[in-house]
Amino acid sequence: MCDQHCPAEAERPALPVSRRGLLVGGAALLSAGAALSACGAAEAKGKGPAATAPVSPDEALQRLMDGNARYVANAPAQKDYSAGRAARVAAQYPFASILSCADSRVAPELAFDQGPGDLFVVRVAGNFLNDDGLASLEYGALVLNIPLILVLGHSNCGAVDATIKVLKDGTKLPGHLPELVNSIKPAVEAAKAKGGADLLADATVENVRRNVQLLVTGDPVVSGLVKQGKVKVVGGVYDLASGRVAAV
């Protein structure tokens, strides 16, 4: 999967929405993160589910891939989703964050055969990063100590396809849909410039890679944790037909 070693773009693409507020408060967030984490642990002590042993970014990625293999084989682990429900009220210990498309056919907990409390999922049509999504992923990395962030695109993505059609035909979309198109547009243009045979598939991959890069350079929180080796950012594409997640 594409990680922090992916080739960077010539210039870092700007987020669709200004991140000035996050940057101004970045130092305060970093200093407060440890306190928030410690406070949460103290409150959960003796009341929540037992904290699992910390896992490395690579171990977290392997756990995801093992779960996806079970899902593809239609051999999920046996789960009682009611077990531990009361304990989870007090604490959570997810091992991976997922930036996923909001498509109803893509369910990260199912695709990776994980149960409640295992994944910290942020979803938006087109699986692109904005300020709200970045703040959520920062919270997961800094406060919940999640070692892995996966940007998950999928085949036949309607948001990417709509962006292609807007750029090709000049279609005017209502409401806030133009903002979605503007966020995905750079990936479509990058894929088009490469001249591949399948623009939708190529743009989907480019969109994942672009948002991986945005996260890797997501000052002040994620990029710092990546440099320290505490967090890894990777990308993958979910195939709707097979259920398999392929590294990109």
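You'll find the structure just up there.
Source: prediction; values computed, not measured. (Residues numbered from 1 in each chain as written. Predicted model: local features only at pLDDT ≥ 70, side-chain atom pairs only at ≥ 80, totals over all residues. Heavy atoms only, no water.)

Chemist: Quick question: what am I supposed to make of the pattern of salt bridges here?
Modeler: Side chains carrying opposite charge are able to pair once their charged atoms draw close together. In total, this model carries 6 salt bridges according to the counting rule given. Of the charged contacts, one joins lysine 232 and aspartate 58 as a salt bridge, the two residues approaching to 2.7 Å between their closest N and O atoms. A residue pair is termed long-range when its members are at least 10 positions apart, and lysine 232 in strand β4 (residues 232-238) and aspartate 58 in helix α3 (residues 57-72) qualify at 174 residues. With its nearest N and O atoms 2.4 Å apart, the salt bridge here joins glutamate 206 to lysine 194. Placement of the pair is glutamate 206 in helix α8 (residues 199-216) and lysine 194 in helix α7 (residues 177-194), with a sequence separation of 12 residues. The class of glutamate 206 is buried, set by a relative accessible area of 13%. (Salt bridge = Lys/Arg side-chain N within 4 Å of Asp/Glu carboxyl O. Helix = DSSP H or I, 4+ residues; strand = E, 2+ residues; numbered from the N terminus. Buried < 20%, exposed > 50% of the residue type's maximum accessible area, 1.4 Å probe, protein only.)

Chemist: Any chance you could explain a nonpolar patch on the surface here in plain terms?
Modeler: Together, Tyr71, Tyr81 and Leu110 give the surface a local cluster of nonpolar side chains, amounting to about 290 Å² of exposed area. Along the chain, the position of tyrosine 81 falls in the loop between α3 and β1 (96-100). (Patch = residues over 30% accessible without salt bridge, like charges linked within 9 Å, V, L, I, M, F, W, Y side chains within 5 Å. Areas by Shrake-Rupley, 256 points an atom, 1.4 Å probe, with all protein chains shown as cover.)

Chemist: Explanation requested: the packing of aromatic side chains in the structure shown.
Modeler: To describe a pair of aromatic rings, you give the distance between the ring centres and the angle between the ring planes. Tallying each qualifying case throughout the model produces 1 aromatic pair. Over the ring of phenylalanine 95 we find arginine 63; its NZ or CZ atom is 4.5 Å from the centre of that ring. (Phe/Tyr/Trp six-rings, centres within 6.5 Å; stacked < 30°, edge-to-face > 60°. Lys NZ or Arg CZ within 6 Å of the ring centre and 35° of its normal.)

Chemist: Explain the sheet that holds strand β2 (residues 119-123) to me, please; I cannot follow it from the model alone.
Modeler: Note: strands within a sheet are paired through backbone hydrogen bonds, in either parallel or antiparallel orientation. Taken in spatial order, the 5 strands make up an open sheet running β2-β1-β3-β4-β5, and their pairing is mixed. Either end of the sheet is taken by a strand with one partner, and the two such strands are β2 and β5 (245-247). On average, each strand axis in the sheet is tilted by 30° relative to the strand beside it, whichever way the strands run. Pairing of β4 with β5 involves 3 bridges; the strand directions are antiparallel. Bridge pairing in β5 links valine 237 to alanine 246. Strands in contact with helix α5 (residues 131-142) are β1, β2 and β3 (148-154); relative to β2, the strand with the most contacts, it is inclined by about 170°. Contacting β3 and β4, α8 runs over the sheet at an angle of about 165° to β4. (Pairing = 2+ DSSP bridges. Axes fitted to C-alpha atoms, helices over the stretch in contact; angles between N-to-C directions. Contact = heavy atoms within 4.5 Å.)

Chemist: For this particular structure, what's the right way to read the side chain of threonine 204?
Modeler: Tracing the backbone shows threonine 204 in helix α8. Separated by 2.8 Å, the side chain of threonine 204 and the backbone oxygen of leucine 200 make a polar contact. Every residue in contact with threonine 204, bar those within four places of it in the chain, is listed here: His154, Cys157, Val160 and Val237. (Polar contact = N/O pair within 3.5 Å; in protein donor to acceptor, adjacent residues only side chain to side chain.)

Chemist: Mind showing me how you'd approach the pairing of β4 here?
Modeler: Buried residues dominate β4, accounting for 7 of its 7 residues. Taking every second residue as pointing to the same face, both faces of β4 are buried, with Lys232, Val234, Gly236 and Tyr238 on one and Val233, Gly235 and Val237 on the other. Examined bridge by bridge, β3 and β4 share 7 bridges and lie parallel to one another. The residue of β4 that forms the bridge with valine 151 is glycine 235. Counting the residues in the hairpin turn of β4 and β5 gives 6 residues, including glycine 243, whose phi is positive at 85°.

Chemist: Teacher, can you tell me more about the nonpolar core here?
Modeler: Across soluble globular proteins, nonpolar side chains show a tendency to be buried alongside one another. Counting residues in each nonpolar core, the largest one holds 23 residues, and the members touching the most others are Leu129, Leu137, Ile149, Leu215, Val231 and Val233. Breaking this core down by element, the ones donating at least two residues are α5, β3, α8, α9 (222-227) and β4. Per element, the largest residue contribution to this core is 5 residues, and it comes from α8. When near neighbours in sequence (up to four residues on either side) are disregarded, isoleucine 149 contacts Ser97, Leu137, Leu215, Val222, Val231, Lys232, Val233 and Val234. Ala96, Ala111, Leu152 and Tyr238 belong to the second-largest nonpolar core, a separate cluster that totals 16 residues. (Core = buried A, V, L, I, M, F, W, Y, C linked by side-chain atoms within 4.5 Å.)

Chemist: Just checking my understanding: could you explain helix α6 (residues 158-169) for this structure?
Modeler: The α-helix winds at 3.6 residues per turn, so residues separated by three or four positions along the chain end up facing the same way. If you check α6, its first and last C-alpha atoms are 16 Å apart, about what 12 residues at 1.5 Å a residue would give, namely 16 Å. Of all the positions in α6, only Ala159, Val160, Thr163, Ile164 and Val166 are classed as buried. All buried residues of α6 lie within an arc of 165° about the axis, which places them on one face of the element. α6 presents Lys168 and Asp169 as exposed residues on the side facing more than 90 degrees away from its buried surface. The inward-facing, buried residues of α6 abut α7 and α8. Positive backbone phi, approximately 70°, marks glycine 170, located one or two places after α6. (Expected span 1.5 Å × (residues − 1). Arc of directions from axis to C-beta.)

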